[in-house]
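# Summary of structural features
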Amino acid sequence: MDKLLLHAVIVRTTRQVKQLRKGLKETLVWPLLKERSDIIPLMFPRASDTLYTSPMILERITWPTLNVEEDDDEDDCSLETKCRITGFFRTFIETHHQEC
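Worth saying up front: this structure is predicted, and the values here are computed from it rather than measured. (Residues numbered from 1 in each chain as written. Predicted model: local features only at pLDDT ≥ 70, side-chain atom pairs only at ≥ 80, totals over all residues. Heavy atoms only, no water.)

### Side note on a nonpolar patch on the surface
Which entries qualify depends on this criterion: Patch definition: residues above 30% relative accessible area lacking any salt bridge, with like charges linked at up to 9 Å and the nonpolar side chains Val, Leu, Ile, Met, Phe, Trp and Tyr linked at up to 5 Å. Here the Shrake-Rupley method, with its probe set to 1.4 Å, supplies the accessible areas, and only the displayed protein chains count as covering residues. Any Lys or Arg side-chain nitrogen found within 4 Å of a carboxyl oxygen on Asp or Glu counts as a salt bridge. Secondary structure follows DSSP: runs of H or I at least 4 residues long count as helices, runs of E at least 2 residues long count as strands, and numbering of each begins at the N terminus. Think of it in three bands: residues with accessible area under 20% of the maximum for their type are buried, residues over 50% are exposed, and the middle band is partly exposed, with areas taken using a 1.4 Å probe on protein chains only.
Residues L32, I40, L42, M43 and F44 make up a contiguous nonpolar surface patch of roughly 480 Å² in combined accessible area. No other element matches helix α3 (residues 40-43), which puts 3 residues into the nonpolar patch. Tracing the backbone through its elements, the reader meets I40 in helix α3. In this structure I40 comes out as partly exposed when scored by relative accessible area, which is 34%.

### Brief notes about the pattern of salt bridges
In total, this model carries 2 salt bridges according to the counting rule given. R36 is the partner of D38 in a salt bridge, and the nearest nitrogen-oxygen pair spans 3.0 Å. In this structure D38 comes out as partly exposed when scored by relative accessible area, which is 48%. Under the relative-accessibility criterion, R36 is labelled partly exposed at 41%. Residues E80 and R84 are paired through a salt bridge, measuring 2.9 Å at the closest nitrogen-oxygen approach. Of this pair, E80 and R84 both sit in helix α5 (residues 79-99), separated by 4 residues, roughly a single helical turn. The exposure class of R84 is partly exposed, given its relative accessible area of 36%.

Take a look at the structure:
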């Protein structure tokens, strides 16, 4: 289960972070943030005062769907594996949030 969560969260998120960095550099937002660190709180306000619950987190997640027309070359998981990973992830969020 830990390996599946690692793949689902860390490995797949790494691709998204790389895309985000590339987008920030291409739109010149990254150099702006480096030069003007005082605007960071305006662009990325903290939500530390908000109390997040499991249902709030679960409803914000875009869960994988079965879409035959969708051709994702970067996707190396079968539908069965995706379902298993999302099931573990959902259970993890529901159970570990109660422990916090």
